[in-house]
Amino acid sequence: AGFGAGLGLALASSAFIGGSFVLKKKGLLRLCGRARAGQGGHAYLREWLWWAGLLCMGVGEAANFAAYAFAPATLVTPLGALSVLVSAVLSSIFLNEQLNVHGKIGCILSILGSTVMVIHAPQEEEVSSLESMAEKLKDPGFIVFAVCVLVSSLLLIFVAGPRYGQSNVLVYVLVCSAIGSLSVSCVKGLGIALKELFSGKPVLKEPLGWVLLVCLVICIGIQINYLNKALDIFNTSVVTPIYYVLFTTAVMTCSAILFKEWQHLVLDNIIGSISGFLTIVSGIFLLHAFRDMPFTSSLLPLFLQPARADPHPPWSSADRHQSWQHQPLLPSEDKGSQSAEEEE
């Protein structure tokens, strides 16, 4: 029951989050002549479309929040690939962003890879109480991971951002992805706290729950700020898939270190999870790398190209049954002139 609930909530979350990217981008495009988010402005706060996108994202994140409480992160996070599909399709409809054949194939590969990862994901949670969550947070491996994430994020914000933020999409997206891995850990802990609260345990007296809540608010604030900058500067069909790949990689790494969910997987499930993730990455690469390449029927192999009307086909129906060996070597006019020369 918990596995099915987590799966359904994750699917709903992907749909809402994918739509939120388009709504927020639509609101950012309406900032004619005003300070844009990519330039440090906050005029988007007066656009109702941006707030609608934020509300849609909030609903998606709430569903995602609940999904992490019922299912492991190794299952929930890969399903975010469906948000790439939703965002790409809606962007081509409402934002006039082209989605060529490579992009469509990339979306299909992302869905297939997500399906494989769901099939091979672990179906049991290891952390079921705040006490066990506190023990996990004290693990030296997670402490080293968290310090690396914070240091790298500070370097990206204060060093790489002013220099390369306007030209390289990875700068702001890396900040969102790295901080997002920590926010998922906070969401997992808060989900466990809510489950204990509903079961009657005195969770409100535990300081760990409040610490996780404060950290979650800070992480989400940072993610929203730098995701808005990335969306304002770069194409939505570029930001969304790259954000998915980096965010999923960071979350799976954090989940492997903190929750150690991979220890419960047998070899074939590990291979299936890795293969599914690599399939998703391949699909995202097709969606991103060839986004500006026009793909017409003339680029297809000849046997796949549609039939074109040719007024002078090389093989007409009249001479279809006549071998080329019986054709005259010279046209009739040339033969007449040749015979005239011989008579002279």
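Thresholds, definitions, all that
- Residues numbered from 1 in each chain as written.
- Predicted model: local features only at pLDDT ≥ 70, side-chain atom pairs only at ≥ 80, totals over all residues.
- Heavy atoms only, no water.
- Helix = DSSP H or I, 4+ residues; strand = E, 2+ residues; numbered from the N terminus.
- Buried < 20%, exposed > 50% of the residue type's maximum accessible area, 1.4 Å probe, protein only.
- Areas by Shrake-Rupley, 256 points an atom, 1.4 Å probe, with all protein chains shown as cover.
- Salt bridge = Lys/Arg side-chain N within 4 Å of Asp/Glu carboxyl O.
- Contact = heavy atoms within 4.5 Å.
- Phe/Tyr/Trp six-rings, centres within 6.5 Å; stacked < 30°, edge-to-face > 60°.
- Core = buried A, V, L, I, M, F, W, Y, C linked by side-chain atoms within 4.5 Å.
- Arc of directions from axis to C-beta.
- Patch = residues over 30% accessible without salt bridge, like charges linked within 9 Å, V, L, I, M, F, W, Y side chains within 5 Å.
- Axes fitted to C-alpha atoms, helices over the stretch in contact; angles between N-to-C directions.
- Parallel < 35°, antiparallel > 145°, perpendicular 65-115°, else oblique.
- Left-handed = near helix turned anticlockwise from the far one by under 90°.
- Nonpolar A, V, L, I, M, F, W, Y, C, P; charged D, E, K, R; others polar.
- Expected span 1.5 Å × (residues − 1).

A. Region of interest: the overall build of the protein. Secondary structure assignment for the protein yields 12 helices and 0 strands. In sequence order, the protein lays out its α and β elements as α-α-α-α-α-α-α-α-α-α-α-α. Scored against the burial criterion, the 344 residues of the protein give a buried share of 44%. Accessible surface computed for the protein: about 18400 Å², of which carbon and sulfur atoms make up 67%.

B. The pattern of salt bridges, seen in detail. A full pass over the atoms with the stated rule returns 1 salt bridge. Note that Lys201 is salt-bridged to Glu196, the shortest N-O span being 3.9 Å. Of the residues examined, Glu196 reaches a relative accessible area of 6% and is grouped as buried.

C. Representation of the side chain of Ser181 in the model. Within the secondary structure, Ser181 sits in helix 8 (residues 170–198). Overall, Ser181 belongs to the buried group, its relative accessible area being 1%. Once residues lying within four places of it in the same chain are set aside, the contact partners of Ser181 are Phe145, Val149, Phe247, Ala250, Val251 and Cys254.

D. Structural context of the packing of aromatic side chains. Going through the model one piece at a time under the given rule, you end up with 2 aromatic pairs. Ring centres of Tyr172 and Tyr226 lie 5.7 Å apart, and the angle between their planes is 35°; this geometry places the pair in the tilted category. Residue Tyr172 is located in helix 8, and its partner Tyr226 is located in helix 9 (residues 207–233); the two are separated by 54 residues in the primary sequence. Assessed through its relative accessible area of 7%, Tyr172 is described here as buried. Tyr226 sits in the buried class, given a relative accessible area of 11%.

E. Highlighting the environment of Phe290. Structurally, the position occupied by Phe290 is in the loop between helix 11 (267–289) and helix 12 (332–343). Using a relative accessible area of 24% as the deciding quantity, one classes Phe290 as partly exposed. For the pair Phe290 and Gly103, spaced 187 residues apart in sequence, the C-alpha to C-alpha distance is 7.5 Å. Setting aside residues no more than four positions away along its own chain, Phe290 makes contact with Asn100, His102 and Phe285.

F. Representation of the nonpolar core within the structure. Core analysis: the biggest nonpolar cluster contains 59 residues, and Phe21, Tyr68, Val169, Val173, Leu182, Leu227 and Val239 have the highest contact counts within it. Secondary-structure elements contributing two or more residues to this core are helix 1 (2–29), helix 2 (48–70), helix 3 (73–76), helix 6 (130–137), helix 7 (140–164), helix 8, helix 9 and helix 10 (236–258). Among the elements that make up this core, the one with the highest residue count is helix 8 (14 residues). If near-sequence neighbours (up to four positions away) are discounted, Val169 is found in contact with Phe234, Val238, Val239 and Ile242.

G. Looking closely at helix 6. Within helix 6, burial applies to Leu130, Met133 and Lys136. Down the axis of helix 6, the sector holding all buried residues measures 110°, keeping them to one side.

H. Molecular detail of a nonpolar patch on the surface. A contiguous nonpolar patch, built from Ile143, Val147, Val151, Leu154, Leu155, Phe158 and Val159 and spanning about 660 Å² of accessible area, is present on the exposed surface. Along the polypeptide, Ile143 turns up in helix 7. Residue Ile143 is classed as partly exposed on the basis of its relative accessible area of 44%.

I. Molecular detail of the packing of helix 2 against helix 8. For the pair helix 2 and helix 8, the least separation of the axes is 8 Å and the interaxial angle reads 70°. As far as their axial angle goes, helix 8 and helix 2 are roughly perpendicular. For the pair helix 2 and helix 8, the crossing hand works out as right-handed. Across from Phe65, Tyr68 and Ala69 in helix 2, the residues of helix 8 making contact are Val184, Val187, Lys188, Leu190, Gly191, Leu194 and Lys195. For the contact of helix 2 with helix 8, a count of residues per class yields 7 nonpolar, 1 polar and 2 charged.

J. Structural context of the side chain of Ser91. For Ser91, the location among the structural elements is in helix 4 (residues 81–94). Beyond its immediate chain neighbours, meaning those up to four positions away, Ser91 contacts Val22, Asn96, Glu97 and Thr236.

K. Broad picture of helix 4. Helix length check: helix 4, at 14 residues, gives a terminal C-alpha distance of 20 Å against a target of 20 Å (1.5 Å per residue), a fit within 8%. Of the positions making up helix 4, those classed as buried are Ala81, Leu82, Ser83, Val84, Ser87, Ala88 and Ser91. A positive backbone phi angle near 55° is found at Asn96, which sits one or two residues after helix 4.

L. How the structure looks around the packing of helix 6 against helix 8. In contact at an axis separation of 9 Å, helix 6 and helix 8 are set at 160° when each is read in the N-to-C sense. Judged by the angle between their axes, helix 6 and helix 8 are roughly antiparallel. When you trace helix 6 past helix 8, the crossing you get is left-handed. For the pair formed by helix 6 and helix 8, the contact residues are Leu130, Glu131 and Met133 on the first element and Ser185, Gly189, Ile192, Ala193 and Glu196 on the second. Residues that form the contact of helix 6 with helix 8 fall into these classes: 4 nonpolar, 2 polar and 2 charged.

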